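Chain residues, written in single-letter form:
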Amino acid sequence: MGTASFLKRAQALLRIRNQLLRECLAELLAVFVLILITLSGSAQMVTSSGTKGDIVTAYMAGALAIMVAIHTAGGVSGAHLNPAFSFAMCLLDQFPWWKFPIFMAVQILGAFISAGAVYALYYDAIWHYGNGTLTTSGPRETASIFATYPADYLSLSNGFLDQVIGTALLIMGILAMLDTRNKSVPKGLEPVAMALLVFCIEISMGSNCSCPLNPARDFGPRLFTYVAGWGAEVFRWVEGRGRGGAWQ
């Protein structure tokens, strides 16, 4: 009885009653889970030189991470996970504009923290694979574990178009699934359907830019690599350099 009473008092003390704070914490946790699984799939593929995963397993990890993340926060924050989706909801008057910058900041923060967790998890593997260096280009680069980089042949305009089409397809697919006037997804299977949507886009539109689709998913981890030792090269792109170059 004493233990039960203590737990009830602790629950009451730790209970968060502010709705905005609850939503922000849920969104932070969901993005953390999403990026943790996504980047871990990429880290396993890169640091094992493809022996313990390939591009398909990395894409599958990212898609399934969507499902887990939606289950994590869907009932509290709506599990936006992506500033592009939050922006679309604002345009459709389904999400207040004043919440948009707050959610975007929380999403980027969650991705940044998650990148740090993946770096810690794969610390030895990253340094071993990179021969004691942290580089953004060359056969032993490791920056692509965390952020997406364009293919060597890709122009800036083609990269822009690639992301516009991919992100638009993602948002359109999600809105179609959520539209009650459409043929609805069976109740409870929405996260699975959205995971399959992401997987479809990744395996069909991933060769140009590795399919970031999510500004928070790319910028948060990219910012982490900048402060963790990869340097300003993560924000520069030189055409034809290494496995993909970097944005400039």
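Throughout what follows, the structure given in this document is the object of discussion.

Calculation notes
- Residues numbered from 1 in each chain as written.
- Predicted model: local features only at pLDDT ≥ 70, side-chain atom pairs only at ≥ 80, totals over all residues.
- Heavy atoms only, no water.
- Helix = DSSP H or I, 4+ residues; strand = E, 2+ residues; numbered from the N terminus.
- Rg over C-alpha atoms; globule rule 2.2 N^0.38 Å.
- Core = buried A, V, L, I, M, F, W, Y, C linked by side-chain atoms within 4.5 Å.
- Buried < 20%, exposed > 50% of the residue type's maximum accessible area, 1.4 Å probe, protein only.
- Contact = heavy atoms within 4.5 Å.
- Axes fitted to C-alpha atoms, helices over the stretch in contact; angles between N-to-C directions.
- Parallel < 35°, antiparallel > 145°, perpendicular 65-115°, else oblique.
- Left-handed = near helix turned anticlockwise from the far one by under 90°.
- Nonpolar A, V, L, I, M, F, W, Y, C, P; charged D, E, K, R; others polar.
- Expected span 1.5 Å × (residues − 1).
- Polar contact = N/O pair within 3.5 Å; in protein donor to acceptor, adjacent residues only side chain to side chain.
- Salt bridge = Lys/Arg side-chain N within 4 Å of Asp/Glu carboxyl O.

### Section: the overall build of the chain
Okay, so step 1: Broken down by element type, the chain carries 9 helices and 0 strands.
Okay, so step 2: Secondary structure elements in the chain, listed N-terminal to C-terminal, are α-α-α-α-α-α-α-α-α.
Okay, so step 3: Relative to a compact globule of 248 residues, whose C-alpha radius of gyration would be 18 Å, the chain shows 19 Å and is just as compact.
Okay, so step 4: Referenced to the eigenvectors of the C-alpha coordinate spread, the extents of the chain come out at roughly 60 × 50 × 35 Å.

### Regarding the nonpolar core
Okay, so step 1: Core analysis: the biggest nonpolar cluster contains 52 residues, and Leu 81, Ile 126, Phe 146 and Trp 230 have the highest contact counts within it.
Okay, so step 2: In terms of residue count, the dominant contributor to this core is helix 2 (residues 19-47) (9 residues).
Okay, so step 3: Those residues in contact with Trp 230 that sit more than four places away from it in its chain are Tyr 119, Ile 126, Leu 134, Thr 135, Thr 136, Thr 142, Ala 143, Phe 146 and Thr 225.

### With respect to the packing of helix 3 (residues 55-73) against helix 8 (residues 190-205)
Okay, so step 1: Two numbers describe how helix 3 lies on helix 8: the axes approach to 8 Å, and their chain directions differ by 155°. Overall, the two elements helix 3 and helix 8 adopt an arrangement that is roughly antiparallel. The chirality of how helix 3 crosses helix 8 is right-handed. On helix 8, the residues that touch Val 56, Tyr 59, Met 60, Ala 63, Ile 66, Met 67, Ile 70 and His 71 of helix 3 are Pro 191, Val 192, Met 194, Ala 195, Val 198, Phe 199, Glu 202 and Ile 203.
Okay, so step 2: Here the contact of helix 3 with helix 8 is composed, by residue class, of 14 nonpolar, 1 polar and 1 charged.

### Comments concerning the environment of Met 194
Okay, so step 1: Looking at the secondary structure, you find Met 194 in helix 8.
Okay, so step 2: Using a relative accessible area of 10% as the deciding quantity, one classes Met 194 as buried.
Okay, so step 3: Remark: the alpha-carbon pair of Met 194 and Met 177, spanning 17 residues in sequence, is separated by 8.2 Å.
Okay, so step 4: Dropping the residues within four chain positions of it, Met 194 is found in contact with Ile 66, Ile 70, Ile 174, Met 177 and Leu 178.

### Some remarks on helix 3
Okay, so step 1: Across its 19 residues, helix 3 extends 27 Å between first and last C-alpha, which sits within 8% of the 27 Å expected from 1.5 Å per residue.
Okay, so step 2: Turning to helix 3, its buried residues are Ala 58, Tyr 59, Ala 61, Gly 62, Ala 63, Ala 65, Ile 66, Ala 69, Ile 70 and Ala 73.
Okay, so step 3: Looking at the buried residues of helix 3, the elements they touch are helix 2 and helix 8.
Okay, so step 4: For helix 3, the capping residue at the N-terminal end is Asp 54, with a side-chain oxygen 3.1 Å from the backbone nitrogen of Val 56.

### Side note on the pattern of salt bridges
Okay, so step 1: Counted by the stated rule, this structure contains 4 salt bridges.
Okay, so step 2: Lys 99 is the partner of Glu 23 in a salt bridge, and the nearest nitrogen-oxygen pair spans 2.8 Å. Linking Glu 23 in helix 2 with Lys 99 in the loop between helix 4 (83-91) and helix 5 (100-121), this pair joins segments that are 76 residues apart in sequence. Each of the two residues, Glu 23 as well as Lys 99, counts as buried.
Okay, so step 3: Where Arg 181 meets Asp 179, a salt bridge forms, and the shortest distance between an N and an O atom there is 3.1 Å.
Okay, so step 4: We classify Asp 179 as partly exposed; its relative accessible area is 21%.

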